[in-house]
Amino acid sequence: MFETLSEKLQRVFKNLRGEGRLTEQHLDEALKEIRLALLEADVNFKVVKQSTEAVKSKALGQEVMQALSPGQQVIKIVRDELVEMLGGEHVRINFSSQPPTVIMLVGLQGSGKTTSSGKLAKWLEKNGHRPILVSVDVYRPAARDQLKVIAKDIGAKLWEGNPNDKPLELCQGAMREARNTAHDVVVVDTAGRLHIDEALMKELREIRETLHPHEILFVA
Ligand SMILES: Nc1nc2c(ncn2[C@@H]2O[C@H](COP(=O)(O)OP(=O)(O)OP(=O)(O)O)[C@@H](O)[C@H]2O)c(=O)[nH]1
Ligand SMILES: [Mg+2]
């Protein structure tokens, strides 16, 4: 996804770079391309609208550096805006000095926990880690199968457990397996829940107290 976004932006930037003088019409054309590229990359339309408007007002306003050509100025403004959009602050994952590191994904139903678990495992592997995935979503039929399909797709290790395992048993099984097979990160995909669902919240607390996750990521 990000590869195609960066390719599209590169194309827009390449066209801008050649411009000695930048007209408003030219800027509008470039922004239209940028808007499309961001929307196709799944960025929320409100965020896209806000960001492209911010780019336009900055580009037409005073916030430009004399040392850069008009095309380069726009590229700089777009770059700064993208950094801002992705969260100006860079947060690192807290890895444990005593593996396995446990990362738990929590959030509302359908917020993207299972998909994000897969993305996270892939990213971890790319960065030299050996993750093991485990789903503790024992409530929705096929939820564990969904993670199994994703794990197979990305070639990541999955702790399946037994069909009747309870969430805590699945976690403990995954931890044991990680230790025995030198996997350094356990990614725990949880069932979606609302904070008013007392039984499910209690279960989440129990998992937290048993596993002591190093990171709890809220998927929204
Ligand atoms: N467009 C888009 N769809 C996504 C993204 N992440 C997840 N989805 C889709 O959203 C739906 C729900 O994603 P899941 O990963 O199953 O969400 P979940 O939080 O695990 O859902 P529950 O386990 O039912 O609570 C699926 O159809 C995904 O394909 C994303 O980044 N962009
Ligand atoms: Mg899920």
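It should be emphasised that the depicted structure is a prediction, and the values quoted were computed from it without experimental measurement.

Thresholds, definitions, all that
- Residues numbered from 1 in each chain as written.
- Chains lettered and ligands numbered in written order.
- Predicted model: local features only at pLDDT ≥ 70, side-chain atom pairs only at ≥ 80, totals over all residues.
- Heavy atoms only, no water.
- Helix = DSSP H or I, 4+ residues; strand = E, 2+ residues; numbered from the N terminus.
- Contact = heavy atoms within 4.5 Å.
- Areas by Shrake-Rupley, 256 points an atom, 1.4 Å probe, with all protein chains shown as cover.
- Lys, Arg positive; Asp, Glu negative; His and termini not counted.
- Charge placed at Lys NZ, Arg CZ, Asp CG, Glu CD.
- Expected span 1.5 Å × (residues − 1).
- Buried < 20%, exposed > 50% of the residue type's maximum accessible area, 1.4 Å probe, protein only.
- Arc of directions from axis to C-beta.
- Domains from an automatic or database assignment.
- Near = heavy atom within 4 Å.
- Polar contact = N/O pair within 3.5 Å; in protein donor to acceptor, adjacent residues only side chain to side chain.
- Nonpolar A, V, L, I, M, F, W, Y, C, P; charged D, E, K, R; others polar.
- Salt bridge = Lys/Arg side-chain N within 4 Å of Asp/Glu carboxyl O.

> Hey, could you run me through the overall build of the protein in this one?
A tally of regular secondary structure across the protein gives eight helices and five strands. Tracing the protein from N to C terminus, the helices and strands come up as α-α-α-α-β-α-β-α-β-α-β-α-β. Considering only C-alpha atoms, the protein reaches an extent of 65 × 35 × 30 Å along its principal axes. The long-range fraction of contacts in the protein, counting pairs at least 24 apart against all pairs at least 6 apart in sequence, stands at 70%. As displayed, the protein has an accessible area near 13700 Å², and 51% of this comes from carbon and sulfur atoms. Averaged over its 31 positive side-chain charges, the protein has a centre that lies 2 Å from the centre of its 31 negative ones.

> What am I meant to see in the environment of Glu177 here?
With respect to the secondary-structure elements, Glu177 resides in helix α7 (residues 167-180). Sequence spacing of Glu177 and Val138 is 39 residues, and the spatial spacing of their C-alpha atoms is 19 Å. Other than its neighbours up to four places away in sequence, Glu177 contacts Ile132, Lys157 and Trp159.

> Looking at this structure, I do not really get helix α6 (residues 143-154). What am I missing?
Residue pairs three or four apart in sequence face the same way in an α-helix, which turns once every 3.6 residues. The end-to-end C-alpha separation of α6 is 17 Å, in line with the 16 Å expected for 12 residues at 1.5 Å each. For α6, the full list of buried residues reads Ala143, Leu147, Ile150 and Ala151. Looking straight down α6, one finds that the buried residues subtend no more than 100° of arc, so they occupy a single side. The exposed set on the far side of α6, more than 90 degrees from its buried face, consists of Val149, Lys152 and Asp153.

> What am I meant to see in the domain arrangement of the protein here?
When the parts of a complex come together, some accessible area is lost, and that lost area is often taken as the interface size. Structurally, the protein comprises domain 1 (2-85) and domain 2 (101-219). The C-alpha centroid of domain 2 is placed 38 Å from the C-alpha centroid of domain 1.

> Hey, could you run me through the site of ligand 1 in this one?
In the region of ligand 1, 14 residues are neighbours, and Asp42, Gly112, Lys113, Thr114 and Thr115 sit closest. The contact in question runs from an oxygen atom of ligand 1 to an N or O atom on the backbone of Gly192, over 3.5 Å. Contact with the protein chains removes 59% of the 640 Å² of surface that ligand 1 exposes when unbound. Tallying contributions element by element places helix α5 (residues 113-126) first for the shell around ligand 1, with four residues. For the shell around ligand 1, the per-class residue count stands at one nonpolar, eight polar and five charged.

> Mind showing me how you'd approach the pattern of salt bridges here?
As a working rule, side chains carrying opposite charge can pair if their charged atoms are close by. The tally for this structure, following the rule as stated, stands at 11 salt bridges. Arg79 is paired through a salt bridge with Asp80; the nearest N and O atoms lie 3.2 Å apart. With a closest N to O distance of 3.0 Å, Glu198 and Arg205 form a salt bridge. A single network of salt bridges, built from pairs that share partners, joins Lys76, Arg79 and Asp80.

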